[in-house]
Amino acid sequence: MKEAGINWVAYGFENATPEIRQSSNKKFSDNQEERAVKMARDAGVNIMANFTFGLPNETIETAKRSLDYALSHLFEFVNFYVALPYAGSPWYEEVQKKTPFDPIKGFDQFGKIDNPFKQFRDEAFRAYFTNPDYLGMVRRKFGEAGVKDIEYMMSFQPRMEKN
């Protein structure tokens, strides 16, 4: 990949807990995850890691494992998302029975629906991008300009829309 000019790869790890991944049809093992990370790192390819909090059967404890996994690997960049069930999916049907919501207005990552994982996602984002070990890695790989970009990104505060 690196020889072809690829410098970044995005991996959808979704969750560090195998049972949570499997309950969402994410059927890859921890070994496969680790092999993929090693291959990218050995090739000198940067990793953008994607994690989703609030998948079926998720708890705050399992969400913390995902954050810990990300921090232990110091991926060059991460995205943290809140899981929401897509209309028509089995998970959506299950959620609708318990707590009906409008599928058009309900799919909002930024705060319009009541989801216990929104606050965790925001805290995880801040914890990751202000972590001194992460910032040190960014400094070594991308220089002071990379750290300044992260610090600039972190200077923004979320603006919550009124419902």
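The rules behind these values
- The residue count restarts for each chain, going from 1 along the sequence in the order it is written.
- Residue-level local features of this predicted model are given only where pLDDT is at least 70; pairs of side-chain atoms are given and counted only at 80 or more, and the full residue set underlies all totals for whole chains, interfaces and linings.
- Side-chain metrics in this entry use all non-hydrogen atoms of the structure; hydrogen atoms and water are not considered.
- A run of H or I in DSSP becomes a helix once it reaches four residues, and a run of E becomes a strand once it reaches two; helices and strands are each numbered from the N terminus.
- Two residues form a contact once any of their heavy atoms are found within 4.5 Å.
- Here the nonpolar core consists of buried residues drawn from Ala, Val, Leu, Ile, Met, Phe, Trp, Tyr and Cys, with membership extended through side-chain atoms lying within 4.5 Å.
- With a 1.4 Å probe rolled over the protein chains alone, any residue whose accessible area is under 20% of its type maximum counts as buried; one over 50% counts as exposed, and the rest are partly exposed.
- When a carboxyl oxygen of Asp or Glu is within 4 Å of a side-chain nitrogen of Lys or Arg, the pair counts as a salt bridge.
- Note on pairing: DSSP must find at least two bridges between two strands before they are called paired.
- Convention adopted: a line fitted to C-alpha atoms gives each axis, helices being fitted over their contacting stretch, and angles between N-to-C directions are expressed from 0 to 180 degrees.
- Expected span of a helix, by definition, is 1.5 Å for each gap between consecutive residues, and there is one gap fewer than residues.
- As used here, the arc belongs to the directions running from the helix axis to the C-beta atoms.
- Per-residue confidence from the prediction method is given by pLDDT, with values spanning 0 to 100.
- Stacked, tilted and edge-to-face pairs are distinguished by plane angle, under 30 degrees for stacked and over 60 for edge-to-face with tilted covering the rest, among Phe, Tyr and Trp rings (Trp via its six-membered ring) whose centres lie within 6.5 Å.

Relative to the assigned elements, T62 resides in helix α3 (residues 60-73). Beyond its immediate chain neighbours, meaning those up to four positions away, T62 contacts N15, T17 and I20.

Another aspect to go through is the nonpolar core. If you look at the biggest cluster of nonpolar residues, it comprises 33 residues, and the most contacted ones within it are F13, I47, F51, F75, V78 and Y134. Among the elements of the structure, β1 (8-14), α2 (30-43), β2 (46-53), α3, β3 (77-82), α6 (116-129) and α7 (132-154) are those that each provide at least two residues to this core. Broken down by element, the residue count for this core peaks at 7 residues, all from α7. Beyond its immediate chain neighbours, meaning those up to four positions away, F13 contacts R21, F28, E33, V37, I47, A49, N50, F51, Y69 and F75.

Applying the stated criterion across every chain, the model contains 7 salt bridges. A salt bridge links E76 to K141; its shortest N-O distance comes to 2.5 Å. With E76 in the loop between α3 and β3 and K141 in helix α7, the pair connects residues that are 65 residues apart, well separated along the chain. Exposure remark for K141: the relative accessible area of 43% places this residue in the partly exposed category. Sharing partners across several salt bridges, the network here consists of R41, E76 and K141.

This paragraph deals with unusual backbone geometry. Of note, N57 is a non-glycine position whose phi angle comes to about 70 degrees, a positive value. For N57, a relative accessible area of 62% translates into the label exposed. A positive phi angle is found at L74, which is not glycine, with a value near 45 degrees. Here L74 shows up in the loop between α3 and β3.

Bringing the sheet that holds β3 into the picture now. Strand order in the open sheet formed by 3 strands is β1-β2-β3, and the pairing between neighbours is parallel. The outermost strands of the open sheet, each flanked by one partner alone, are β1 and β3. Across the sheet, the mean angle from the axis of one strand to that of its neighbour is 20 degrees, orientation sign disregarded. In terms of strand pairing, β1 meets β2 through 6 bridges, oriented parallel. Across the sheet, G12 pairs through a bridge with N50, a residue of β2.

Moving on to α3. Between the first and last C-alpha of α3 there are 20 Å, a value that for 14 residues agrees with the 20 Å anticipated at 1.5 Å per step. Looking at α3, one finds that the buried residues are T62, A63, S66, L67, Y69, A70 and H73. Projected down its long axis, α3 carries its buried residues within an arc of 155 degrees, all on one side. Positive phi appears at L74, one or two residues downstream of α3, with a value of about 45 degrees.

On to the confidence of the model for the chain, then. Confidence in the prediction for the chain averages 85 pLDDT; 85% of positions are at 70 or higher. Between the elements of the chain, mean pLDDT differs from a low of 56, seen in helix α5 (residues 103-106), to a high of 97, seen in α7.

Now for the packing of aromatic side chains. Tallied over the full model, the rule gives 18 aromatic pairs. Ring geometry for Y11 against F13: centres 5.6 Å apart, planes inclined by 65 degrees, an arrangement best described as edge-to-face. Taking relative accessible area as the criterion, Y11 reaches 17% and is therefore assigned buried. For F13, a relative accessible area of 3% corresponds to the buried category. When the ring of F129 is compared with that of Y134, the centres are 5.4 Å apart and the planes differ by 90 degrees; the resulting orientation is edge-to-face. Pair check on accessibility: F129 and Y134 agree, each one buried.

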